[in-house]
Amino acid sequence: IKCTGNDEVIMTTRPVVIAGAGPCGLVAALTLEKSGGIPYIIYEKTTADKLCSNAGSGIDMAPTAIEILDDQLGLADKDWMKPYEYMHLADMKGNKLALLDLKSLKLKKVSERRSFGFANRSGLQHALLDTLNLKDDDGNIKIDDDRLRCNASVVGYQNMDDFVRVELNDGTKVDASALLACDGIHSAVRKQMYRDVDDPLNYCGQECWWGKTTVKPGSELDHELKRLTVSEKNIVEADRNTSIVVIGTNSKPGAFFSCEIAPNEHAWGYVLANKTPPTANASNDLTRRGGSVLTAEEKKREIDEMVAGRSKVVKLIVQQPSPGEITRAGFFDRKNLDLSYIDGRVALLGDSAHPQSPMMGQGANMAIVDGYVAATRLSAAMKDSSCSGSVEQALSDYDSKVRRKENNIVIKKARRYGKWGASKNRFHCFLARVALKYMSASTVVSEMVSGDKSNQKFVGAMREDLQLKKEVNNAHM
């Protein structure tokens, strides 16, 4: 948008460039479309056939992100998330601590249908791509739609007077109105933005084995999962959705989580302390999302050692998948938490801005909220016929000090949870056992979504700010 001296508005055709087609980038794109048809191009480094591939990769979903996806972006009729219904809590020896009935909780819901749950990253990507009409009649990702260009990545940028020049991996230059970097923890955009600054990753001290297990009806695992859902008073209905949380002891440390992401399909993670970060996958295989895949020999040796002496359900879930369905990755965030998320017409979103351990369950939620807020502010600025808004100001407003401060609180809390959850300390293990045994279902849920307060405030502040600007503009008309 260019404003002349007589307040004439000239609309340019420069698109918003989005680096990365994960949930964050797709939410930003869908928000630009819903907010007024702002043109955009998504550049994704992987190929179309691998874009939505993953070996498990489940993500917790909290109220603010669900409200954005369902109510603002139109995903309410998509089967992209499984709500939490029941949660089986136990220790590594198999001793049951509690069976929480989350389905019956009367909660103050942001969404009328559901306020917290668990999603498969791939399933969420498919739902967003479908809503964007980026899939063909056979369900495949379109390769002839100029809005999504796979096998191409953003490697650099240069802020110009009234646009940003984006450089791609093949040397092509694209002039854009703005660049939204949704390219993850190893962001090439962030690397350039802070090329002259010490900006290392921070290893949190834990590694996670994660994967996806298919439960065959009538199998030993199927019978064991059904057995776990029997409470002292009744049997949970047959169509239950039961999540599993297993905490460690000082002799059998670690934390295990498993959630049903689709009928008879569980995504799971096993977190262990490790002073030495595991070696990251050296390839661009995004199925692993930065982790490393095991050989059959490594799986037999390391997985079997890891689950030795653990509860039956942990063994059955972890040992069932093939090596290709299991990944090991370390937990990382950033050492320097005080850096800005913007540079002129360029903004960092999601893990490129504030990577974090998943122990608070907020990484994907914050990324979705970032995509929505940054794109909504951009759209408002680019449609502002009074010329009082600008792309730079919109991104500056996105990069609020309050948001960064609250993000850092969640990041540091996730660090603590990781240390406690994987601890071998006898006292820590005892406290965790007592807490889970006697905490009410409502208390557990409140703690699960506690990190979402930052997202709620961030979205609320954006809506209030844009409404105020609208009222001011109307008053001057």
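Residues numbered from 1 in each chain as written. Predicted model: local features only at pLDDT ≥ 70, side-chain atom pairs only at ≥ 80, totals over all residues. Heavy atoms only, no water.

Asker: How do you make sense of the sheet that holds strand S14 (residues 178-181) when you look at a structure like this?
Answerer: Picture the strands of a sheet paired through backbone hydrogen bonds; they go either parallel or antiparallel. In spatial order, the strands read S10-S4-S3-S14-S22-S21; together these 6 strands make up an open sheet with mixed pairing. Each having just a single partner strand, strand S10 (148-150) and strand S21 (342-343) make up the two edges of the open sheet. Relative to S14, strand S3 (residues 16-19) runs parallel, the two sharing 4 bridges. Following the sheet pairing, Val 17 is matched in S14 by Leu 179. (Pairing = 2+ DSSP bridges. Helix = DSSP H or I, 4+ residues; strand = E, 2+ residues; numbered from the N terminus.)

Asker: Please clarify how the sheet that holds strand S12 (residues 164-168) should be interpreted in this entry.
Answerer: The sheet built from 3 strands is open, its strands ordered S11-S12-S13 with antiparallel pairing. Each edge of the open sheet is held by one strand with a lone partner, namely strand S11 (154-159) and strand S13 (173-176). Across the sheet, the axes of successive neighbouring strands diverge by a mean angle of 25 degrees, strand direction being ignored. Of the strand pairs in this sheet, S11 and S12 are connected by 5 bridges, and their pairing is antiparallel. Along S12, the bridge assignment pairs Gly 156 with Glu 167. (Axes fitted to C-alpha atoms, helices over the stretch in contact; angles between N-to-C directions.)

Asker: Would you mind showing me how to read a negative patch on the surface here?
Answerer: A surface patch of negative charge is lined by Asp 136, Asp 137, Asp 138, Asp 144 and Asp 146. Relative to the helices and strands, Asp 146 resides in the loop between helix H3 (121-131) and S10. Among the residues examined, Asp 146 registers a relative accessible area of 54% and is labelled exposed. (Patch = residues over 30% accessible without salt bridge, like charges linked within 9 Å, V, L, I, M, F, W, Y side chains within 5 Å. Areas by Shrake-Rupley, 256 points an atom, 1.4 Å probe, with all protein chains shown as cover. Salt bridge = Lys/Arg side-chain N within 4 Å of Asp/Glu carboxyl O. Lys, Arg positive; Asp, Glu negative; His and termini not counted. Charge placed at Lys NZ, Arg CZ, Asp CG, Glu CD. Buried < 20%, exposed > 50% of the residue type's maximum accessible area, 1.4 Å probe, protein only.)

Asker: How do you make sense of the pattern of salt bridges when you look at a structure like this?
Answerer: Oppositely charged side chains may form a pair once their charged atoms are brought near each other. Following the criterion strictly, the structure yields 24 salt bridges and no others. With its nearest N and O atoms 3.5 Å apart, the salt bridge here joins Asp 199 to Arg 334. Residue Asp 199 is located in the loop between helix H4 (188-193) and strand S15 (201-214), and its partner Arg 334 is located in strand S20 (residues 326-334); the two are separated by 135 residues in the primary sequence. For Asp 199, a relative accessible area of 14% puts it in the buried group. Measuring nitrogen to oxygen at the nearest pair gives 2.7 Å for the salt bridge that ties Asp 333 to Arg 415. Of this pair, Asp 333 sits in strand S20 while Arg 415 sits in helix H10 (residues 401-421), and the two are 82 residues apart along the sequence. Residues joined in a network through salt bridges with shared partners are Arg 377, Asp 397, Asp 465 and Lys 469.

Asker: Which parts of the structure should I look at to understand unusual backbone geometry?
Answerer: Phi at Asn 133 is positive, roughly 60 degrees, even though this residue is not glycine. You can see Asn 133 is positioned in the loop between H3 and S10. Residue Asn 133 is classed as partly exposed on the basis of its relative accessible area, which comes to 46%. Positive phi values are uncommon outside glycine, yet Asn 151 reaches one of about 60 degrees. You can see Asn 151 is positioned in the loop between S10 and S11. Note on Asn 151: relative accessible area 53%, which makes it exposed.

Asker: What is the right way to look at the pairing of S12 in this model?
Answerer: For a regular strand, side-chain orientation follows a simple rule: the groups alternate between the two sheet faces. Side chains Val 164, Val 166 and Leu 168 of S12 all project onto a buried face; the interleaved residues Arg 165 and Glu 167 project onto a face where none is buried. Here S12 runs beside S13; their pairing, made up of 4 bridges, is antiparallel. Pairing of Arg 165 across the sheet is with Asp 175, part of S13. Between S12 and S13, which pair antiparallel one after the other, the connecting turn spans 4 residues, and Gly 171 there sits at a positive phi close to 90 degrees.

Asker: What should I look at first to understand the packing of aromatic side chains in this one?
Answerer: Here the structure, examined in full by the defined rule, presents 7 aromatic pairs. With a centroid separation of 6.2 Å and 65 degrees between ring planes, the pair formed by Tyr 84 and Phe 118 is classed as edge-to-face. Placement of Tyr 84 in the loop between strand S6 (82-83) and strand S7 (86-91) and of Phe 118 in strand S9 (residues 117-120) is noted, with a sequence separation of 34 residues between them. A residue is classified by how much of its surface remains accessible, and Tyr 84, at 8% relative accessible area, is buried. A residue is classified by how much of its surface remains accessible, and Phe 118, at 10% relative accessible area, is buried. Residues Phe 256 and Tyr 270 carry aromatic rings whose centres are separated by 6.0 Å and whose planes lie at 75 degrees to one another, so their mutual orientation is edge-to-face. Within this pair, whereas Phe 256 is found in strand S17 (residues 255-262), its partner Tyr 270 is found in strand S18 (residues 265-273), the two being separated by 14 residues in sequence. Both residues of the pair, Phe 256 and Tyr 270, count as buried. Three or more aromatic residues link up through ring pairs in this structure, and these residues are Tyr 84, Phe 116 and Phe 118. If you follow Arg 404 out to its NZ or CZ, it ends over the ring of Tyr 341, 6.0 Å from the centre. Positioned over the ring face of Tyr 438 is Lys 437, at 5.9 Å from the centre of the ring. (Phe/Tyr/Trp six-rings, centres within 6.5 Å; stacked < 30°, edge-to-face > 60°. Lys NZ or Arg CZ within 6 Å of the ring centre and 35° of its normal.)

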